[in-house]
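Observations on chain architecture
Residues per chain are reported as follows:
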Amino acid sequence: MAVIVKISSRSICAVAIYSVFLPVLGAHAQATGQSRSRVTMQGPAEQSYQSVVRDALGRPCLDVEAAARVHVINPALVDHVVSVKNSCPRSINVKVCYLNSDKCNAFDVAPYKRVDTILGTISGIKNFKYVVLQK
């Protein structure tokens, strides 16, 4: 329910449109399943037993997040996306791999930039494990 402080023809019209279409739009979103998330966040990267690039204060330079993203057209297809953000003033060479696999993506992350990479596209698998190697 909206509260109107200043009454004008525009505000009355806006309230009328808001109150008429809001229940319809909400019912449409529930009926079509749009309220479900297309993204499944993943856990942290597995340990790589290699040195981690750190800044002058000893903090890791890379912030890594991963998610499984369902395709809009074909919900059976899932992209495994890994996002790497560099918070240091130098470029870092990164290699992201599936755990215990040779399937990898190698790239450079420029200073203070973020790179998103699709590690793979697989039918129906929303959970994956990965490892991040950095130089």
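Since we're looking at a predicted model, the values are computed, not measured.

The rules behind these values
- Residues numbered from 1 in each chain as written.
- Predicted model: local features only at pLDDT ≥ 70, side-chain atom pairs only at ≥ 80, totals over all residues.
- Heavy atoms only, no water.
- pLDDT = per-residue confidence, 0-100.
- Helix = DSSP H or I, 4+ residues; strand = E, 2+ residues; numbered from the N terminus.
- Contact = heavy atoms within 4.5 Å.
- Buried < 20%, exposed > 50% of the residue type's maximum accessible area, 1.4 Å probe, protein only.
- Polar contact = N/O pair within 3.5 Å; in protein donor to acceptor, adjacent residues only side chain to side chain.
- Disulfide = S-S within 2.5 Å.

Here the chain shows a mean pLDDT of 81. Residues at 70 or above account for 74%. Element-level pLDDT for the chain is lowest in helix α1 (residues 9–32), with a mean of 43, against a maximum mean of 97 in strand β3 (residues 77–86). Note that residues 1–31 has pLDDT below 50 and, in this model, 8 contacts with residues that lie over four places away or in other chains.

Turning our eyes to something else, we now look at the side chain of Asn86. Mapped onto the elements of the fold, Asn86 is located in strand β3. For Asn86, a relative accessible area of 0% corresponds to the buried category. Within polar-contact distance, the side chain of Asn86 engages the backbone oxygen of Val109 at 3.3 Å. Within the structure, Asn86 has its side chain in polar contact with the backbone oxygen of Ala110 (distance 3.4 Å). Setting aside residues no more than four positions away along its own chain, Asn86 makes contact with Cys61, Leu62, Ser91, Ile92, Val109, Ala110, Pro111, Tyr112 and Lys113.

In this section: the state of the cysteines. All chains considered together, the criterion is met by 2 disulfides. Shown here is the disulfide that connects Cys61 with Cys88, its sulfur atoms set 1.8 Å apart. Between Cys61 and Cys88 the disulfide shows an S-S torsion of about -85 degrees. By sign, it is left-handed. Taken together, the positions of Cys61 in the loop between β1 (39–41) and β2 (62–70) and Cys88 in the loop between β3 and β4 (92–98) put the pair 27 residues apart, joining distant regions of the chain. Here Cys97 pairs with Cys104 through a disulfide, and the sulfurs are 2.0 Å apart. Taking the torsion about the S-S bond as the criterion, the Cys97 to Cys104 disulfide, at about 105 degrees, is right-handed. Judged by its relative accessible area of 5%, Cys97 is buried. You can call Cys104 partly exposed: its relative accessible area is 24%. For the chain, numbering the cysteines in disulfides from first to last along the sequence yields the connectivity 1-2, 3-4.

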